[in-house]
Each structure stands twice: as C-alpha cells, then as structure tokens.
Amino acid sequence: MAVALPEGSLEERLERYLEGFRSRHGLEEARVEGNTVVLGVDPGSVPAVLSTARQSLGILHLSFITVVDRQGSFELTYELLDMRGARVRVKTVLQGEESVIDTVTGIYPTANWHEREAYDMFGVAFRGHPDLRRVYMWQDHFDHHPLLKSFEISTKRTFEGLR
Amino acid sequence: MQKFDEPNIITTSTDKLFNWARKNSLWPLQFGLACCAIEMMSTGMAHNDLERFGAGFFAGSPRQADVMIVSGTVSTKMAERMTRLYEQMPEPKWVIAMGACAISGGPFLDGYSVLMGADRVIPVDVYVPGCPPRPEALIFGIMTLQKKIEREQQVGYEKPRPALVDEEGNIREYLPEREYRQISEGKAHRPKGIKRLPRTYVFQRKGLPPGSMTDVGWIPPEARERLKARRGAGASGSGEREEGKEGA
Amino acid sequence: MLREERRAAEEAITLIRPATSRLVDPDIRDEFGLETLDMNMGPQHPAMHGLLRLILELDGETIVRCDPVMGYLHRCQEKIAENRTYPAVIPLTDRLDYFANMHNEHGYCLAVEDLLGVEIPPRAEYIRVLMCELMRIASHLPSIGFLLLELGAFTPILYAFRERERIQNFFEAVTGARMMFHYIRIGGVKADLPPDIPEKIWEYVEGLEKRIKPDFIDLIEGNEIFIERTRGISRLTQEEAIELGLTGPPLRCTGVAFDVRRDYPYSVYPELDFEVVTDTAGDVEASYRVRIKEVYESIKIIRQCLEKMPEGEVMGDVGRRVRPPEGEGFGRVEGPRGEFAVHVVSDGSDTPYRVHYRDPSFVNMQLLQEKMPGHYLPDIMPIMGLVDPVSGGWDK
C-alpha cells in the first residue's frame, strides 16, 4: 500500500531523469539548473514526456500548470516534483490564437482542475479532458477569457507612466 | 416615559418600545464572504463578545435574521445570490457593509468580477471601514446601527429598497450576471438625479481632494522656519506646497 | 477547436445527467423506480469554509455525485497583480489564503527574490520563519475548531480563537496589524522585532504547550460523537492522495511524508530540527491528529528560532524600485494547508508580466469531487474539515 518515492542522492536522480528523458524523446532543450531538470518540448509530445516521468521515472506529483500569454503564443509550464528534492519543469509553446493541446489528466489526475483553470482564464483547450468547464467565471454569457492580455482592466492605464 | 407610583406600570410610546426590542436583539445573518468574515467570527468569540449586544446568534437561514453583515468582497457572481438573500430576510432588516471591499470594492476595485461596493445592489445602513476592520470597529458599527434603529418611526418613514424592487414593490427580473459587470464598472443605467461616479486615475490626482477636511498636520518648528524662509525667498517654489501649508 | 465547437462541448457537459442511482442494485432500482435527488448546497451556508456551492446528487442520504462550483469570491488577483508594481502585489497576496497570510507573502517574496538573486540577511530569515510558524499555529487551531463547530461542538472554537487572539496580539506588536500584515517584503522583512517581544513569545509558547493537552486533546479525542463521525470517513489511500495532488495535512495523514520545508528547503529550515508528522489512517480523525502534532512541532521550531536568532539588519540590498531582469521565478512554501507555489514572470519592467499562484486549497478540493460519492450527506462536513479549504485560496 505504501507509495515508493525515488531513491538516490539528488545529483544521481537528476542525471537519471535527464538521461531518461533524453533517451526516450527528442527534446528541443534539456538541461539541469540547480535542482531542476528543465525540458523544452513541442506541444504534441507533452503527454508522452509526462507519462515517461510518471511511469518510468517515478515522479509522482504535478505541482502546477501555468499558462503565460505572450500575445501570439501561449507558453505552458508543467512543474513536476519527485517529492525528494528534485524538480522537472516541462515547457511548451503553443502558437496562434486558438490553441489546443492534449490533456494529461489520464497521467496525472490532479491536472483536471489545473487545466480547467487554464481554459477558463486563457482559452487554452485540452483535447480529451473529461470535464472542461469554466471554474471561476460564470458559465453562460461570458465569452471572454480574463487573463489574456487583450482583456484590459481599468488600472492598466494607471501604471502606464511607470513602465 | 412616565412612571406611576406603583412600581410596575410604565407608559411609553410603541416606537420606543419596538425600537428598544429590535436594537437589542439584532440577529446577524451568517454571511461571511472573505477575510472580514474572520474578524466577524473573532467578534463573536469570547474575547470581543458580540453576545452581550444581543447579536450573538448568527442565524444560518435568512428567514430568521435581522441584520446582514456583508463581510468581504462581493463578486458579480455572488451579487445575485446576495440580493436574493436580502429579499428573503423579513422586515425589519438592516445591512452593515463591513470592510473596504463591501463599501467600495476595496483593494480589488479594478477587478473584472468584483462589484464596486455592496450598496450598488442592496441598500446599506452602516459602513464600517477597515481592511479588515478590527472587532472593536465592528462593535462600533453595530452600536451605530443601534442608534439608527432608535430613531426609527413606525409610520411616515420611507425605507430604501434594493435595486431590483421597483416603486410598486414588484420584483424586477433578476439581472443576468453580465449586467452586474456593467454595474460594477460604473456603466449601468442609474435613476435620474444620481450622478455616475467619475473614475479618476491615480496619476491624474494632485494634492488633496476638494472639500477634504484634512490638513498636512504639525510640522516641526525648524522645518517651519525653513519653509517660511523659502516661501518668502523665491516665488518659484512649488505652488502646491504653498497651498498645502496654508492649511497648516 | 473552433470557438463554436468548444461552446457546444461545454454545453453538452452541463446538460442534466439522467437520474439513476448507481449504488443500488439494478433489479431493486427497476423494481421500485428509484431515482436520485439533485440538491444544491448553496453558496451561503452555515459552514465556515467559505462560499462553496456543492451540487449534490443524492440517493436517499448517500451522495452519488458531488460537483463543487466555485468562483463566488473570484477577485481577479492574478490580473490585478499584472498592473501593480512588485512590492505593491504583497498586500494582494495577503488576501489570498487569509488564514495563512505570512506564508502567502513569503512564497511571493521567494519567487521575486529568485528572479532578483538578492541575498537576504540571516536575521530576516529567522524572523520570517518565526512569523510563519506562529501563523501556522494560528491557522491549525481554528481549523480544528471549525471541524468541531461543524460537528456541533462550540467550545473548541472558543479556545482556538482565544489562542488566535493572543497570537494576533503578537502580530500586532511586531507588524502593526491584526490580520493583513504586509510585513514580509522583497529582500527581507519590513522592520525589526520590538525588544521585548522574543521574551513574551517564549513565555506564551511555554504556556501554550502546557495548555494544548487539557484544552484541546483531552476535550476532543475521547469524545464518542467525534470518533463516530470522523473515524473511517474518507479513507484515503496513499496512491489516491498523490494522484489527486494533495499536499499538506490531507496527504500526510495517509502516510506519505512529504513536507516542502524538509524536501525542498527554503529559508533557514535546513538548520532547524523538526519532524514531519504523518499518520497512517487516512481519515478525518487522522488529519486532526496530524494538525495537533504539527502545532507541537511549530512550537519546537519557534523555540529554536528564538534561541538561534542572530543580530543584524533585516532588509537586504533591494532598493525602493524593484525591477528584476527578464525571466521566471518560482517560490514554494509549506502553508498550513499544503504546498503554496508562486510563479512570477518578468519582462524587465516595473510590473510583473504574469503571476500565478498555486494554492493548496484549490487543488485539495478535488478530493471533494472524487471521494465524496459513497458517503452520507452529513459526512460532507468532516471531509471539509479534512481538506480545510479557505475560500480566498480556491477562488484567488
């Protein structure tokens, strides 16, 4: 019944993770920074990379999924923790305004609500998500996605002089 | 009040009697929205006891409540439910807006889903400022409400109505949530005679607002001498500082 | 996916599902024509945990489906933070999880300091840890109080808020405010502790350690009603807990020893000696035990902080104008409810480009959706006591 967390010292584990990712997938960038393995992947291979992390390498905890609106593309960051001191950060870039990516709910069930929040705030849709509804905003008659840079709120002008 | 010689007969007006009964047993509705709710709970707890004012029973259902203490940010999604709760409370009822968020939107004034104050949809009787207000401040707010209740009259008194009840007393359609966003941004239609709130940006404001009763306060004597000298010496000193000093 | 397709998919999901009872034998169900009842436990309800709307589908008293609807306190914090300068976001983070203000500020300041690469003086680090641990006590005791209030007992919450008032007195003496402190700043701490405060905190903590047993443990643990209503409710297994992404006391009460203070250490936690409290049962009573023991561990940490605190300044070399270089910063702290992480993206100007808060209450709430079916309607309250969400946290 007990869950087995990865063994070994920190450097050993980071090397092992880096090798595990590199050997299985073609990555755009892969490096180790401090206690983090930073990977850059293309959007189509995100589920494969994350399922390697879960099944082969034993990284069990998905901490958060962040979306950053770069005004023309979305930059997604998935941060995984192996609960013993190492972190794995997977970064993708989704081009274009209407953006779809495959869901990782089948691999990390906790991503369910993170992806709902990403959809609600940015409009990033997740193919295959069991329950893609809005989580904060009201569900009818609100066609906007608030955290996009094109959705301005009133104080944007207040601090213009400071930039 | 008039007392007779026998010890157990007092005459008073019904106004005073009813008001005395109502103000000393105000049962709040348990309407804790956000952080101010914690201070409301603290006020109800043993250290700052709200029970001694008769307001210790936080009613769970609006049908049994007298006072709705709006404690916390009212979001547009919650505004409709809040109005519905207000209308479920039986008369006589009062509303205390506790905290900066309930008064005017507070630190989240510019949010897209924050109502700029609870008084945009329901009539508020007492405003308690603070973020969050101390329990002593909330107790002061309840005592102010008690003084207000003392002044009430049973006849000849027009109580303000919530925004969704029109003059005949009919309930208009509950606004869909998108309308509340217009209310919260100050764009909604307001009845005649009420001016729309002007929105000023922080970088447009200079000096103190007009009609403000604050001055710049006490200045140490050495500094005052220096300022007087500078003011006398050059007329090219900043005009605003001179204006400010005039009030000192 | 085109916008129309997406809206159609959304609407398809929100259609009313057919009312069938999945927990009853199909033959009995068809024989008697049983149906489930859709009930709405609305945003205003006497439970203390905030504005949560639960759409429940009930079969008698058994819950078949539980769907939390959130957003009744959505305050647009991430959007507003993009329009404020870096130091001006700190009062906003105070109001996220308003039972753990210091932890929120600490997480955000760690993220910005990660971007800036500034060094924080050791005295400031010790003061931060001291404040955070005091805040943890001020959060765990009312959590236990709320759990018991919702079960019907009124005394523990009075005792809990008595302790919280005394701790708020200390916060007021140090920071100037009872609740929204705005104390932990980028680069350090706003001001030094007043000279008589460490002594008073020491005395208070000694008294508290003696008081917890008679005031909380003896009062609560042997109570038969408490045991009946919390033992065996929501038996979480370790796999389920990790799959759901739980952190904090809900995870540790199943037996997984994951604590951000020990595993991803920040501030001066590597130099402090404390244990990670776990329990194996995975039910609500286990979470209560974990929280009480964590109060003892916090007292231990506070004592060590007061003993080891060095002299020095309390603010690092950060000017008034914080303008970090372009990049990303991550900060992660262990709040009383779980792992609180902040991701700050900077574009080189005075205001952040994007701030994302990973709040533990938001993620721990998935437990309500997944684990509730099968329990009875009155078990909602103890399970909320296990998760202990705070509505400022899940709604940001």
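Residues numbered from 1 in each chain as written. Chains lettered and ligands numbered in written order. Predicted model: local features only at pLDDT ≥ 70, side-chain atom pairs only at ≥ 80, totals over all residues. Heavy atoms only, no water.

(A) Highlighting the overall build of chain C. Regarding its fold elements, chain C presents 17 helices and eight strands. Taken against the 2.2 N^0.38 rule, which gives 21 Å for 396 residues, the C-alpha radius of gyration of chain C at 22 Å falls within 12% of a compact globule. Dimensions along the principal axes, computed over C-alpha positions, put chain C at roughly 80 × 60 × 35 Å. The 396 residues of chain C split such that 65% are buried. Counting contacts in chain C only where the partners sit at least 6 residues apart, residues at least 24 apart contribute 71% of the total. When the accessible surface of chain C is totalled, it reaches about 13,500 Å², and 51% of it is carbon and sulfur. (Helix = DSSP H or I, 4+ residues; strand = E, 2+ residues; numbered from the N terminus. Rg over C-alpha atoms; globule rule 2.2 N^0.38 Å. Buried < 20%, exposed > 50% of the residue type's maximum accessible area, 1.4 Å probe, protein only. Contact = heavy atoms within 4.5 Å. Areas by Shrake-Rupley, 256 points an atom, 1.4 Å probe, with all protein chains shown as cover.)

(B) Geometry of the pairing of strand S5 (residues 94-98) of chain B. Residue and element names in this part refer to chain B. For S5, the tally of buried residues reaches five of five residues, placing the bulk of the element in the interior. What you see with S5 is no split at all: Trp94, Ile96 and Met98 on one side and Val95 and Ala97 on the other are buried throughout. Relative to S5, strand S4 (residues 67-71) is paired through five bridges, and the arrangement is parallel. Of the residues in S5, the one forming a bridge with serine 71 is methionine 98. For S5 and strand S6 (residues 126-128), the ladder comprises three bridges, and the chain directions are parallel. Across the sheet, alanine 97 pairs through a bridge with tyrosine 127, a residue of S6. (Pairing = 2+ DSSP bridges.)

(C) Geometry of the sheet that holds strand S3 (residues 28-29) of chain B. Residues and elements named next belong to chain B. One open sheet holds the four strands; their spatial order is S3-S4-S5-S6, and the pairing between them is parallel. What marks the edges here is a single partner per strand, and that holds for S3 and S6. Contacting S4 and S5, helix H2 (residues 35-44) crosses the sheet at an angle of about 130° to S4. (Axes fitted to C-alpha atoms, helices over the stretch in contact; angles between N-to-C directions.)

(D) Looking closely at the confidence of the model for chain B. All names here are of chain B. In this model, chain B carries a mean pLDDT of 74, and residues with pLDDT of at least 70 account for 64%. Within chain B, S4 carries the highest mean pLDDT (93), whereas helix H8 (residues 239-246) carries the lowest (40). Long-range and interchain partners of residues 208-217, a stretch whose pLDDT sits below 50, account for six contacts in this model, where long-range means more than four residues apart. Considering only residues more than four positions removed or in separate chains, one finds that residues 235-248, a stretch of pLDDT under 50, has 14 contacts. (pLDDT = per-residue confidence, 0-100.)

(E) Highlighting the packing of helix H6 (residues 122-151) of chain C against helix H13 (residues 284-308) of chain C. Residue and element names in this part refer to chain C. Where H6 meets H13, the axes come as close as 9 Å, and the angle between the chain directions of the two elements is 155°. Comparing their axes, H13 and H6 come out roughly antiparallel. Of the two elements, H6 crosses H13, and the hand of that crossing is left-handed. (Parallel < 35°, antiparallel > 145°, perpendicular 65-115°, else oblique. Left-handed = near helix turned anticlockwise from the far one by under 90°.)

(F) Structural context of the environment of glycine 338 of chain C. All names here are of chain C. Along the chain, the position of glycine 338 falls in strand S7 (residues 338-346). Glycine 338 sits 47 residues away from arginine 291 along the chain, and the two C-alpha atoms are 12 Å apart. What glycine 338 contacts, discounting residues up to four positions off in sequence, is Thr247, Gly248, Pro249, Val333 and Pro360.

(G) Representation of the sheet that holds strand S2 (residues 53-59) of chain C in the model. All names here are of chain C. Within the open sheet, the three strands sit side by side as S1-S2-S3. Their pairing is antiparallel. Two strands bound the open sheet, and with one partner strand each, they are strand S1 (37-41) and strand S3 (62-69). Ignoring which end each strand starts from, the neighbouring axes of this sheet average 20° apart. Examined bridge by bridge, S2 and S3 share seven bridges and lie antiparallel to one another. In the sheet register, arginine 53 faces S3, and the bridge partner there is valine 69.

(H) Inspection of H2 of chain B at higher detail. Taking burial as the measure, the ten residues of H2 of chain B include nine buried ones, the bulk of the element. Listing the buried residues of H2 of chain B in full gives Cys35, Cys36, Ala37, Ile38, Glu39, Met40, Met41, Ser42 and Thr43 of chain B. Residues of H2 of chain B that are buried make contact with S4, S5 and helix H5 (135-150) of chain B together with H6 and helix H7 (155-175) of chain C.

(I) Just the side chain of glutamate 334 of chain C, in detail. Residues and elements named next belong to chain C. Counting through the fold element by element, glutamate 334 comes out in strand S6 (residues 327-335). Here the side chain of glutamate 334 touches valine 260 through a polar contact of 3.0 Å, landing on its backbone nitrogen. Discounting residues that sit within four places of it in the chain, glutamate 334 has contacts with His103, Arg136, Gly248, Arg252, Asp259, Val260, Arg261 and Tyr266. (Polar contact = N/O pair within 3.5 Å; in protein donor to acceptor, adjacent residues only side chain to side chain.)

(J) Broad picture of the nonpolar core. Ranked by internal contacts, the top residues of the largest apolar core, which has 169 residues, are Tyr78 of chain A together with Tyr183 of chain C. For this core, the leading source of residues is H6 of chain C, giving 16 residues. Look past the residues within four positions of tyrosine 183 of chain C in its chain and what remains in contact with it is Met102, Glu105, Ile127, Met131, Val174, Thr175, Val189, Lys190, Ala191, Asp192 and Leu193 of chain C. Residues Leu29 and Leu115 of chain B together with Phe146 and Ile157 of chain C belong to the second largest nonpolar core, which totals 41 residues. (Core = buried A, V, L, I, M, F, W, Y, C linked by side-chain atoms within 4.5 Å.)

(K) Expanded view of the packing of aromatic side chains. Residue and element names in this part refer to chain C. Tallied over the full model, the rule gives 16 aromatic pairs over all chains. Seen in terms of ring centroids, tyrosine 98 and phenylalanine 99 are 6.4 Å apart; in terms of plane orientation they differ by 35°. Their pairing is tilted. The pair tyrosine 98 / phenylalanine 99 is uniform in exposure class, with both members buried. Both rings, one in tyrosine 269 and one in phenylalanine 274, keep their centres 5.8 Å apart while their planes meet at 70°; by these two values the pair is edge-to-face. Pair check on accessibility: tyrosine 269 and phenylalanine 274 agree, each one buried. Taken together through their ring pairs, the aromatic side chains of Tyr98, Phe99, Phe146 and Phe161 make up a single cluster. (Phe/Tyr/Trp six-rings, centres within 6.5 Å; stacked < 30°, edge-to-face > 60°.)

(L) Summary view of the interface of chain A and chain C. With 63 residues of chain A at the interface, the matching set in chain C holds 59 residues. Across the chain A to chain C interface the summed buried area is about 5,500 Å²; carbon plus sulfur atoms make up 53%. Across the chain A-chain C interface, the total number found is five salt bridges. Joining chain A to chain C, the criterion identifies 24 residue pairs in polar contact (both at pLDDT 80 or more). Those elements giving two or more residues to the side of chain A that touches chain C turn out to be strand S3 (61-69), strand S4 (73-81), strand S5 (87-95) and helix H3 (111-122) of chain A. Top contributing element to the side of chain A that touches chain C by residue count: S3 of chain A, with eight residues. Classifying every residue of the side of chain A that touches chain C by side-chain character gives 30 nonpolar, 14 polar and 19 charged. (Buried area = accessible area lost by both parts, 1.4 Å probe. Salt bridge = Lys/Arg side-chain N within 4 Å of Asp/Glu carboxyl O. Nonpolar A, V, L, I, M, F, W, Y, C, P; charged D, E, K, R; others polar.)

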